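Each chain, letter by letter, is given below.
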Amino acid sequence: MIYIEYVERDRFMPLEIFRYLGNQAAWTAPEDQLVGSFGRTMRIGPMPSYLAFWKCDGMKRMDEWEAHFHSDAGIRDTHELATHRAIHLQKAGCYDEVLTGPAADQSKLFYIEYFAAKSAISNDQIASHFQARAKKQPAATLNFVLRRIGRLGPDPGAMAVWSLADYVALEPFTRVDLDEDPFRPTDIGAYRWFGKEIL
């Protein structure tokens, strides 16, 4: 399962403090893996501006997280308390990994497509569709295709994360006509790895 945190920066918080405390890789638990930490760049895309992708051991991990945050250790965790004052965790969601490609290269430009998929459509159908698209786009690497579990996440409910070398490579990719695509994005965003984004 991938648990996604949708984060916004408090504009009263200095950027340097936000980037220091918002760098979640610094406090990852050994049971979890931060596989994506994306910041909207050049103001292209929806808000919230930041997404953190946590790979974890299913719903049981959610119970463990809640138990930790209620525990004495969780209540006394000063780094956690400071982090929650520096970053605005606006919403979150739980997602199935429909397709997972190569690990996200932190030096790349990321392009995230937000799309909807009716419940009658299987994850295998979605995976096949995006695999076929990826074969036609050699300049783009497909890192993730995710679909929310039930209604546990914001609309439209699914996303594809692509990485490209730069904006020059992005232009022909984004000019492809997707009007008839069954998973046509309802929104898109351009992102850099956390700390490399341009506000």
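Here the structure is a predicted model, which means the values were calculated and not measured.

Considerations on the overall build of the protein chain
Phase 1: Scanning the protein chain from terminus to terminus reveals six helices and eight strands.
Phase 2: Secondary structure elements of the protein chain occur, N-terminal to C-terminal, as β-α-β-β-α-α-α-β-β-α-β-β-α-β.
Phase 3: The C-alpha atoms of the protein chain give 17 Å as radius of gyration, which agrees with the globular expectation for 199 residues (16 Å, within 12%).
Phase 4: Dimensions of the protein chain, computed from the C-alpha atoms along their principal axes, are close to 50 × 35 × 25 Å.
Phase 5: A total of 199 residues make up the protein chain; the buried ones form 44% of that total.
Phase 6: Contacts in the protein chain between residues far apart in sequence, at least 24 positions, make up 79% of those at least 6 positions apart.
Phase 7: With the model as given, the accessible surface of the protein chain reaches about 10,600 Å², and the carbon-plus-sulfur share is 54%.
Phase 8: Averaging the coordinates of the 23 positive side-chain charges in the protein chain and doing the same for the 27 negative ones gives two points 4 Å apart.

Things to note about the nonpolar core
Inside soluble globular proteins, nonpolar side chains tend to come together where they are buried.
Phase 1: Core analysis: the largest hydrophobic core is formed by 19 residues, its most contacted members being Phe115, Phe130, Val145, Trp162 and Leu164.
Phase 2: Of all elements in the fold, only strand 4 (87-100), strand 5 (109-115), helix 5 (123-135), strand 6 (141-148), strand 7 (158-164) and helix 6 (167-174) reach the threshold of two or more residues within this core.
Phase 3: Examining the composition of this core, we find that four residues originate from one element, strand 7, more than from any other.
Phase 4: Apart from the residues within four sequence positions on either side, Phe115 is in contact with Ile126, Phe130, Val145, Pro156, Gly157, Ala158, Met159, Ala160, Phe183, Arg184, Pro185 and Thr186.
Phase 5: Core analysis: the second largest hydrophobic core is formed by 18 residues, Ile2, Ile4, Ile112 and Tyr191 among them.

Re a nonpolar patch on the surface
Phase 1: On the surface, Met42, Ile44, Tyr167 and Ile198 cluster together into a nonpolar patch covering about 330 Å² of accessible area.
Phase 2: Inspection of the secondary structure assignment puts Ile44 in the loop between strand 2 (33-40) and strand 3 (50-55).

A look at the environment of Trp54
Phase 1: Structurally, the position occupied by Trp54 is in strand 3.
Phase 2: When the C-alpha positions of Trp54 and Gly36 are compared, they lie 7.2 Å apart, and in sequence the two are 18 residues distant.

Some points on the pairing of strand 4
Consecutive side chains along a regular strand alternate between the two faces of the sheet.
Phase 1: Strand direction decides the pairing type here: strand 1 (residues 2-9) and strand 4, joined by eight bridges, are antiparallel. Within the sheet, the bridge partner assigned to Ile2 lies in strand 4 and is Tyr95.
Phase 2: As judged from the five bridges shared by strand 4 and strand 6, these two strands associate in the antiparallel manner. Residue Thr100 lies in a different strand from strand 6, and its bridge partner there is Phe144.

Comments concerning helix 6
Phase 1: Turning to helix 6, its buried residues number three or more, namely Ala169, Leu170 and Phe173. All buried residues of helix 6 lie within an arc of 100° about the axis, which places them on one face of the element.
Phase 2: Against strand 5, helix 5 and strand 7 lie the buried residues of helix 6.
Phase 3: In this structure Asp166 caps helix 6, since a side-chain oxygen of it lies 3.2 Å from the backbone nitrogen of Val168.

Overview of helix 1 (residues 15-22)
Phase 1: Within helix 1, burial applies to Phe18, Leu21 and Gly22. The arc that holds the buried residues of helix 1, viewed along the axis, is 95°, so those residues lie on one side. In helix 1, the exposed positions angled more than 90 degrees off the buried face are occupied by Glu16 and Tyr20.

Things to note about the pairing of strand 1
Phase 1: Most of strand 1 sits out of view: eight of its eight residues are buried.
Phase 2: Burial along strand 1 is two-sided: Ile2, Ile4, Tyr6 and Glu8 facing one way and Tyr3, Glu5, Val7 and Arg9 facing the other are all buried.
Phase 3: Where strand 1 meets strand 3, six bridges bridge the pair, whose relative direction is antiparallel. Note that in strand 3 the partner of Ile2 across the bridge is Lys55.

Quick word on the state of the cysteines
Phase 1: Within this structure, the stated rule accounts for zero disulfides.
Phase 2: Its sulfur unpaired, Cys56 is 7.2 Å from the next cysteine sulfur, which belongs to Cys94.

What counts, and where the lines are drawn
Residues numbered from 1 in each chain as written. Predicted model: local features only at pLDDT ≥ 70, side-chain atom pairs only at ≥ 80, totals over all residues. Heavy atoms only, no water. Helix = DSSP H or I, 4+ residues; strand = E, 2+ residues; numbered from the N terminus. Rg over C-alpha atoms; globule rule 2.2 N^0.38 Å. Buried < 20%, exposed > 50% of the residue type's maximum accessible area, 1.4 Å probe, protein only. Contact = heavy atoms within 4.5 Å. Areas by Shrake-Rupley, 256 points an atom, 1.4 Å probe, with all protein chains shown as cover. Lys, Arg positive; Asp, Glu negative; His and termini not counted. Charge placed at Lys NZ, Arg CZ, Asp CG, Glu CD. Core = buried A, V, L, I, M, F, W, Y, C linked by side-chain atoms within 4.5 Å. Patch = residues over 30% accessible without salt bridge, like charges linked within 9 Å, V, L, I, M, F, W, Y side chains within 5 Å. Salt bridge = Lys/Arg side-chain N within 4 Å of Asp/Glu carboxyl O. Pairing = 2+ DSSP bridges. Arc of directions from axis to C-beta. Polar contact = N/O pair within 3.5 Å; in protein donor to acceptor, adjacent residues only side chain to side chain. Disulfide = S-S within 2.5 Å.

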